[in-house]
Amino acid sequence: MRRIGVFICHCGSNIAATVDCAKVAEAARGFPGVVYSADYKYMCSEPGQEFIKAAIAQEDLNAIVVASCTPRMHELTFRKTLANGGLNPYLFEMANLREQCSWVHTDKEKATVKAIDLVKMAAAKANKNEELTSSTMPVHKKALVIGAGIAGMQAALDIADAGHQVVLVEREPTIGGKMPMLDKTFPTMDCSACISTPKMVEVAQHPNIELLAYAEVTEVKGFIGSFTVQIRQKAKYVDHDKCTGCGLCETKCPSKVPNEYDLGLGQRACIYKPFAQAVPNKPVIDPLHCRKLVDNKCGLCAKVCPTGAVNYQDAERLFTDTFGAIVMATGYDLYPWEEIYGEYGYGRFPDVITGLQFERMVNASGPTGGKLKRPSDGQEPKSVVFIKCVGSREPAKAKGYCSRACCMYTAKHAHQVLDKIPDAAVYVFYMDVRAAGKAYDEFYEATLKDGAVYLRGRVSKIYQEGSKLIVKGEDSLLGRPVQVTADLVVLATAMIPSQGSRELAQTVGFLPDLDGWYQEAHPKLRPVETPTAGVFLAGACQGPKDIPDTVAQAGAAAAKVCGLLSKSQLETNPMTARSNPAICSGCGLCVAVCPYKAIQLISLADRDRYGKRINRTVADVNHGLCQGCGACTVTCRSGAIDLQGFKNNQILEEVDALWR
Amino acid sequence: MKYAYYPGCSLDATGIEYDIANKLVARTLGIELVEIPDWNCCGATSAHTTNHLLALALPARNLAIAEAHGFEQVAVPCAACFARCKKTAAAVQASPDLQVQISEVIGMTYAAKSEILSYLDVIGKKTGLDHIKKHVVQPLTGLKIAAYYGCLLVRPVDITQSDDPENPMVMDRLLQVIGAEPIAWDYKTECCGASQVVPVPQLGKKLIHDILKNAASYGADAIATACPLCMLNLDMRQKQINAMFGTQFHIPVFHFTELMALSFGYSAQDFGLAKHFESAESLLERMIGGKGA
């Protein structure tokens, strides 16, 4: 016989303001099996948990209901309380009086009635709950980091420095991501390449890091501690073991195309390294433009290569490896403003560029050697307009969120223009100046002192008049329309999740948020974890970030990975599905609905009702893969599959309790 | 196709040639326009700056009459009338209370069920460019035209359902079909100043000047409009603009239906080309050998 204790939490005033907690506790005493009930201000606090433990001992309780917040928040907390109090943690049941009651209602009387019902259901289930025990599974002590920008490199280095093996996968021909594209970093104005390229070298030389550039993750199976991952190494057409990186092929290649690394401002050969300090510092061939690969003509690079490293027959290669943990570090892209900003010319005006193009231009190793030039005629711009929030904070047109880094890099750009072109006029159109980092606001103030003119308002139109750009906007502080004649316009375009990141999330097994950013497991308490155990987040793939925040988050993700890899085995979740072969007909409906591919059909030796030996097909659940979602249990026609902790009879008991 | 036609006050007065050309084009294309009987002023800019309910009730009465006669679609040639009608329909659709109130004020039921279309959309979106092309006997080959939409046909976009509030193309495509060459320019949807020219001439005239200047800078031979007030501002005031800014603009301005009528083989005498302030004679002489004039 169950002796149930019911504990009603006020959650400060979160619940108590809308639900009469004492009344709920009182009502609970009348429910079947309930021998004790109480209410308390913060059940999850230490005194609250001690209170539960004391009640378990004093009242000889053998099942517990806590009515408080969502199980996502504190189910684990209270299971531990039960364990500390000497009970099996799965004899715990939670009723959600906060998210499902007090937060969504205003009428206290009616909310209290509903709260009583919710507790009644939880108590009914507590009557049927069973003791469950975990088993263990091994942890493969190797981490996979996807994306080798500053986030991925930092996470890989931190994990590797802790003594664990890391495979770092990067889809571009070089690691480094966007950071080496930048010229200087705010607010210290230190050279971006000088602090990022040594990290690239460190990654390449680290004994614990295996670097796979120009490769992509194509399939992920398994679960925390044991992910089986398929990786596709793209065809490089250059044997990097033979290649010395001398660069002769690049200089001789006759075909030139716009360089992605310079965002179309410069050109590259079709056998190329994205930039001079690329890692690996060896070229690949662009198969879409190489004349040999497209038309079977040319072949010059193979002729000039002194080591015979060029191999036009190279093909992509698939291989698999097993990892205990995965770090997502896929970064960001910039909003394709040309598609929606008709008022800025839909990309028709060559002298309207993005902030990242500006970075390439102002970068000493960029296409103009660090000289600011108008893309249209190569002239030095004397009047430069910056427009912030292009695509950000614009829910009607593009994205509602703030991209966080633009206020600062625009202040930096304004400063750089005034620094390089002393007689230049610089105008910044802004909505707000958000400079909430260490030494950030001081930097912005310094830019104002440099002479940048900040105009609070949006730009409504840009058009070309002769060689000049006319920028029309509003100065909302003066309440007047303004018009600026500019030589160059720089747009601070919104950050968006990097191309293909949504598909990659599906491959790895979790869902991004509505904007496509990778969703953390909890916005405050689990910021670097995903809801999928063993998969962690680093950098801008989780949301717009600047470099300091990205590096900090990458370190946090690495710490989590190290914590996981420091264990040799993990406890499994016992709340998984079990199939009863005696009543399973082997129809296979459960196999089709299982999102984790945890169920397979097996052959079972049996006897028919005449005693004749037969082989029956039945469903079999892999408890390592099963995540306990319950999709199979509702699909099963005969009720052969049941989910531990959410058995059919337990759930029906809750439903019954509601009308009893 | 059959439409309820709401000419509005302008097409009875300053924009009379727009009305004539609209009807010629409709006749050619087999579009039946039935003028809403006993229509009243839409309230234009005056009503909505004085009384919100009045501003909704005035267009609602016209639309209710059209509904009572069983029309599912209403064609509105004037951009300001169009904006007022669309706003009224949207407001009534959004609020059942308002619908009751408005119906009470106008003394008849207005259900806001009919589709309200600018005359530009009737021709450019509902008629079919292939059908129009069949009637072109005098293509306006080589005529570089700046298609000018102004503000009220395109904004706010959730009310007007414009194809693109920053770079609309409906009129451009029509001009292409009749053989002309629509130019890509920057002032398609800038405000012409509307009635501001009267109370604040220095502001209003500047707006007109900027439009003319931008069209001229792209080598426009002419400007096409779809609004009687835009037409009036751009056509009638060029002389004043030239005096104020020391410019030499002489850009013929047309209602888009006038250009269509020309391409359909009508002569300038068939509609009101002579009523324009900036003469189009020499342009038409050059264009189509004077057949239009």
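Residues numbered from 1 in each chain as written. Chains lettered and ligands numbered in written order. Predicted model: local features only at pLDDT ≥ 70, side-chain atom pairs only at ≥ 80, totals over all residues. Heavy atoms only, no water.

Enquirer: Got a sec to walk through the overall build of chain B? Specific residues and values, please.
Expert: From N to C terminus, chain B includes 14 helices and eight strands. Its C-alpha atoms give chain B a radius of gyration of 19 Å, within 12% of the compact-globule value 19 Å for 293 residues. Viewed in the frame of its principal axes, chain B has a C-alpha envelope of about 55 × 45 × 30 Å. For chain B, the residues scored as buried account for 57% of the 293 residues in total. Relative to all contacts within chain B whose residues are 6 or more apart in sequence, the contacts with residues 24 or more apart total 76%. (Helix = DSSP H or I, 4+ residues; strand = E, 2+ residues; numbered from the N terminus. Rg over C-alpha atoms; globule rule 2.2 N^0.38 Å. Buried < 20%, exposed > 50% of the residue type's maximum accessible area, 1.4 Å probe, protein only. Contact = heavy atoms within 4.5 Å.)

Enquirer: Any chance you could break down the overall build of chain A for me, citing the residues and the numbers?
Expert: For chain A, the helix and strand inventory stands at 17 helices and 34 strands. Overall, chain A is about 85 × 70 × 40 Å in size when its C-alpha atoms are taken along their principal axes. Counting only residues that meet the buried cut, chain A has 52% of its 660 residues in that class. Sequence-distant contacts in chain A: of pairs separated by 6 or more residues, those separated by 24 or more amount to 68%. In the form shown here, chain A has an accessible surface area of approximately 29,500 Å², with 51% of it arising from carbon and sulfur atoms. (Areas by Shrake-Rupley, 256 points an atom, 1.4 Å probe, with all protein chains shown as cover.)

Enquirer: Tell me about the pairing of strand 5 (residues 144-147) of chain B, and please be specific about residues and values.
Expert: For a regular strand, the rule is simple: side chains alternate between the two faces of the sheet. Residues and elements named next belong to chain B. Here two bridges tie strand 5 to strand 6 (residues 181-182), and the two strands are oriented parallel to one another. Its bridge partner lying in strand 6, I145 is registered against P182. Where strand 5 and strand 7 (residues 222-225) come together, three bridges link them in parallel fashion. Across the sheet, A146 pairs through a bridge with I223, a residue of strand 7. (Pairing = 2+ DSSP bridges.)

Enquirer: Lay out helix 6 (residues 119-126) of chain B in plain terms, naming residues and giving numbers.
Expert: Residue and element names in this part refer to chain B. Taking burial as the measure, the eight residues of helix 6 include six buried ones, the bulk of the element. Turning to helix 6, its buried residues number three or more, namely Y119, L120, D121, V122, I123 and G124. One or two steps after helix 6, the chain reaches G128, where phi turns positive at roughly 95 degrees.

Enquirer: How would you summarise the interface of chain A and chain B if you had to cite specific residues and measurements?
Expert: Between chain A and chain B, the residue contacts involve 11 residues of the former and 10 residues of the latter. Regarding the contact of chain A and chain B, the summed buried area is about 930 Å², with carbon and sulfur atoms giving 35% of it. Per-residue buried area on chain A facing chain B is highest for Y346(A), K461(A) and Y463(A); these three make up 44% of the total on that side. When the shortest N-O distance is used, the salt bridge between D186(B) and R348(A) registers 3.9 Å. On the surface where chain A and chain B come into contact, there are six residue pairs in polar contact (both at pLDDT 80 or more). Among the elements that line the side of chain A that touches chain B, the one with the most residues is strand 24 (residues 459-465) of chain A, at four residues. In terms of residue class, the side of chain A that touches chain B is made up of three nonpolar, two polar and six charged. (Buried area = accessible area lost by both parts, 1.4 Å probe. Salt bridge = Lys/Arg side-chain N within 4 Å of Asp/Glu carboxyl O. Polar contact = N/O pair within 3.5 Å; in protein donor to acceptor, adjacent residues only side chain to side chain. Nonpolar A, V, L, I, M, F, W, Y, C, P; charged D, E, K, R; others polar.)

Enquirer: Can you lay out the environment of F349(A) for me, pointing to particular residues and giving the numbers?
Expert: Assignment of secondary structure puts F349(A) in the loop between strand 19 (332-334) and strand 20 (352-354). Of the residues examined, F349(A) reaches a relative accessible area of 5% and is grouped as buried. Considered as a pair, F349(A) and T493(A) are 144 residues apart in the sequence and their alpha carbons are 16 Å apart. Residues contacting F349(A), with those up to four places away along its chain left out, are Y344(A), I462(A), Y463(A), Q464(A), L469(A) and D186(B).

Enquirer: Talk me through the pairing of strand 7 (residues 165-170) of chain A; I want residue IDs and the actual numbers.
Expert: All names here are of chain A. Where burial is concerned, most of strand 7 is hidden: five out of the six residues are buried. Sheet analysis places strand 6 (residues 142-146) next to strand 7, joined by five bridges and oriented parallel. Each bridged residue has a counterpart across the sheet, and for L144 the counterpart in strand 7 is V167. A crossover links strand 6 with its parallel partner strand 7, the connecting element being helix 5 (residues 150-161), and its sense is right-handed. As judged from the five bridges shared by strand 7 and strand 10 (residues 209-213), these two strands associate in the parallel manner. Its bridge partner being in strand 10, E170 is matched across the sheet by A213. (Right-handed = clockwise from strand over helix to strand, strands pointing away.)

Enquirer: Go over the packing of helix 6 of chain B against helix 13 (residues 256-263) of chain B, please, and point to the residues and values.
Expert: Residues and elements named next belong to chain B. Interhelical geometry of helix 6 versus helix 13 gives an angle of 45 degrees and a closest axis separation of 10 Å. Regarding the angle of helix 6 to helix 13, the classification is oblique. Every residue of helix 13 that contacts helix 6 at Y119, L120 and I123 is listed here: F256, T257 and M260. Among the residues making up the contact of helix 6 with helix 13, the classes are represented as five nonpolar, one polar and no charged. (Axes fitted to C-alpha atoms, helices over the stretch in contact; angles between N-to-C directions. Parallel < 35°, antiparallel > 145°, perpendicular 65-115°, else oblique.)

Enquirer: Can you break down the sheet that holds strand 5 of chain B residue by residue, with the values?
Expert: An order of 6-5-7-8 (chain B) is seen for the four strands of this open sheet, with the pairing classed as parallel. Edge positions in the sheet fall to strand 6 and strand 8 (253-255) of chain B, since each has one partner strand and no second.

Enquirer: Could you give an account of a nonpolar patch on the surface, naming the residues involved and the relevant values?
Expert: Among the surface-exposed residues, F646(A), I651(A), L652(A) and V655(A) lie close enough to one another that they form a single nonpolar patch of about 330 Å² accessible area. Locating L652(A) in the fold gives a position in helix 17 (residues 648-659). (Patch = residues over 30% accessible without salt bridge, like charges linked within 9 Å, V, L, I, M, F, W, Y side chains within 5 Å.)

Enquirer: I'd like a rundown of the domain arrangement of chain B, residues and numbers included.
Expert: Residue and element names in this part refer to chain B. Taken domain by domain, chain B comprises domain 1 (2-120) and domain 2 (138-288). A straight line from the C-alpha centre of domain 1 to that of domain 2 covers 24 Å. Opposite the 27 residues of domain 1 that make contact, domain 2 presents 29 residues. When domain 1 packs against domain 2, the two sides together hide about 2,200 Å² of surface, and 78% of this comes from carbon and sulfur. Counting the contacts that link domain 1 with domain 2 gives zero salt bridges. For the pair domain 1 and domain 2, the interface holds five residue pairs in polar contact (both at pLDDT 80 or more). (Domains from an automatic or database assignment.)

Enquirer: Break down the domain arrangement of chain A for me, citing the residues and quoting the values.
Expert: When cut into domains, chain A gives domain 1 (4-128), domain 2 (142-234 + 316-331 + 498-565), domain 3 (248-304), domain 4 (334-495) and domain 5 (577-644). Inter-centroid distance (C-alpha atoms) of domain 1 of chain A to domain 2 of chain A is 40 Å.

Enquirer: Mind laying out the pattern of salt bridges, listing which residues take part and the relevant values?
Expert: Within the structure shown, the criterion is met by 41 salt bridges over all chains. D487(A) is the partner of K468(A) in a salt bridge, and the nearest nitrogen-oxygen pair spans 2.8 Å. On the criterion of sequence distance, the pair formed by K468(A) in strand 25 (residues 468-475) and D487(A) in the loop between strand 26 (480-486) and strand 27 (488-493) is long-range, its members being 19 residues apart. Judged by its relative accessible area of 33%, K468(A) falls in the partly exposed class. Between R173(B) and D163(B) there is a salt bridge, and its shortest N-O distance comes to 3.6 Å. Of the two residues, R173(B) sits in helix 9 (residues 170-177) while D163(B) sits in the loop between helix 8 (157-160) and helix 9, which places them 10 residues apart along the sequence. Look at R173(B) and you get partly exposed, because its relative accessible area is 38%.

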